[in-house]
Number of protein chains: 2
Amino acid sequence: MRRLTHILMSPPCRLIRLALGEKRLAYDPAAPDDPQKHLPLLVDMDGTVVVGVWAIIDYLEGMHPEHPLVPEDPVERGEALRLLDWTMTKFHEEVARRLLFEKASRAHTGHLLRQPPNMETIRQGRASLLANLSVVAPLAEQRGFLAGRNLSLADLALAAHLSALDYYGEVPWSELPAIGEWYVRMKSRPSFRMLLNDRVPGQPPALQYSELDF
Amino acid sequence: MRRLTHILMSPPCRLIRLALGEKRLAYDPAAPDDPQKHLPLLVDMDGTVVVGVWAIIDYLEGMHPEHPLVPEDPVERGEALRLLDWTMTKFHEEVARRLLFEKASRAHTGHLLRQPPNMETIRQGRASLLANLSVVAPLAEQRGFLAGRNLSLADLALAAHLSALDYYGEVPWSELPAIGEWYVRMKSRPSFRMLLNDRVPGQPPALQYSELDF
């Protein structure tokens, strides 16, 4: 069986879990011996080992071209990869690090050891979340999916981040109707099911986390 | 003319400058109006706009397949992308953020506003630099380049980071002979020339920064 070593609240790991789901590729989940290891780590049926988001996506698109996650059309492709990069660098830095890494334990995010939760950091993260999502909201509204009419890595990357933030009740959906509507569509996809069943020991999810109509 | 908007001490921007150099593609450098903008940003001859490392690399490999930066062989390809991801996430997080973002100004790295240099952060960054480079040093020594016998994105990503760190004298080359030998080969490449001419106003580079035999 295919095996994916991942940690629960890491957005890159969630992105690859969603990508495997969209490709209809089943896998056994595994926990790493060390959460600061380079993850996610995929071991395919034939024993091939692929490590990290970039390599795993390249491998999956090459070996399993059905259900493509990167558009063929050059403009849409550039847009999907722009938003993927934006989410994995800028949104990750300004929002996820500040909120997620303050709330989730290091064992579930793989981030470096740090001080106890800092309210000023959380406040900045919340402001950045609203500012950044207001930039992408019109894209979701006008295009259907973030990069165009079809689902792409751009959607999976942002959904991976938002799902982890939503677990901790950190997404003010009522202030973000366009993103909320897009996210309800994302979380209704079969690829999302496993993520919605995630439970961090000692930290139950926010109420709406696994509700499909919210 | 092709135009690249970039900032001096940002490793992702340096990676794309090296990639353009390796592809023998000339460009006019430009500075962004806002250093926290999503960079690098490439405007090609025909006006095509491509933003962010992921999209620009995909675009360059697709439009300019000569001088490939991603190996064809599946094993070497996976290894190049694993090391690219490792450098852009783990090495960036544990080393570059801690050293570079403490020493260079925000206008040249695009990082978020923060407190004055913190010696404890710098100390941790220096320890991580040695620990992380000791993991990749044997690869450079055994293979010639990091992912195999040919230059790949793995080399450009690490060289992009080390060149920025070296500008501030933060790479203890004498403790890292295998990486030092690989880096001397990297900085002798024509693609490196422009980077070695970089000067941050008010912060001259460490002595060995642009010396080719050190």
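Here is what the cut-offs are and how they apply
- Residues numbered from 1 in each chain as written.
- Chains lettered and ligands numbered in written order.
- Predicted model: local features only at pLDDT ≥ 70, side-chain atom pairs only at ≥ 80, totals over all residues.
- Heavy atoms only, no water.
- Contact = heavy atoms within 4.5 Å.
- Buried area = accessible area lost by both parts, 1.4 Å probe.
- Salt bridge = Lys/Arg side-chain N within 4 Å of Asp/Glu carboxyl O.
- Polar contact = N/O pair within 3.5 Å; in protein donor to acceptor, adjacent residues only side chain to side chain.
- Core = buried A, V, L, I, M, F, W, Y, C linked by side-chain atoms within 4.5 Å.
- Buried < 20%, exposed > 50% of the residue type's maximum accessible area, 1.4 Å probe, protein only.
- Helix = DSSP H or I, 4+ residues; strand = E, 2+ residues; numbered from the N terminus.
- Pairing = 2+ DSSP bridges.
- Axes fitted to C-alpha atoms, helices over the stretch in contact; angles between N-to-C directions.

### Considerations on the interface of chain B and chain A
Part 1 of the argument: In this complex, chain B contributes 23 residues to the contact, which on the side of chain A involves 23 residues.
Part 2 of the argument: Taking both partners together, chain B and chain A bury about 2300 Å²; carbon and sulfur atoms supply 61% of that area.
Part 3 of the argument: If you look at where chain B meets chain A, you find four salt bridges.
Part 4 of the argument: Between R97(B) and E93(A) there is a salt bridge, with its nearest N and O atoms 2.3 Å apart.
Part 5 of the argument: Put simply, chain B and chain A have eight residue pairs in polar contact (both at pLDDT 80 or more) between them.

### Focus: the nonpolar core
Part 1 of the argument: Counting 138 residues, the largest nonpolar core has L162(A), W182(A), L162(B) and W182(B) as its most contacted members.
Part 2 of the argument: In this structure, L162(A) is in contact with F91(A), L133(A), V171(A), W173(A), I179(A), W182(A) and Y183(A), ignoring residues within four places of it in sequence.

### Comments concerning the pattern of salt bridges
Part 1 of the argument: All told, the structure shown has 31 salt bridges over all chains when counted by the stated rule.
Part 2 of the argument: In this structure, R185(A) and E181(A) form a salt bridge, with 3.8 Å as the shortest nitrogen-oxygen distance. Residue R185(A) and its partner E181(A) are located together in helix α7 (residues 177-187), separated by four residues, close to a single helical turn.
Part 3 of the argument: Of the residues examined, R185(A) reaches a relative accessible area of 33% and is grouped as partly exposed.
Part 4 of the argument: Of the charged contacts in the structure, one is a salt bridge between E22(B) and R24(B), with a shortest N-O distance of 3.9 Å.

### Quick word on the sheet that holds strand β3 (residues 41-43) of chain A
Picture the strands of a sheet paired through backbone hydrogen bonds; they go either parallel or antiparallel.
Residue and element names in this part refer to chain A.
Part 1 of the argument: The four strands lie next to each other as β2-β1-β3-β4, forming an open sheet whose pairing is mixed. The outermost strands of the open sheet, each flanked by one partner alone, are β2 (28-30) and β4 (49-51). Strand-to-strand twist of the sheet, defined as the mean angle between neighbouring strand axes without regard to direction, takes the value 20 degrees.
Part 2 of the argument: In this sheet, β4 lies alongside β3 in antiparallel orientation, the contact comprising three bridges. Residue L42 lies in a different strand from β4, and its bridge partner there is V50.
Part 3 of the argument: Across the sheet, helix α2 (residues 53-63) is in contact with β3 and β4; its angle to β4 comes to roughly 130 degrees.

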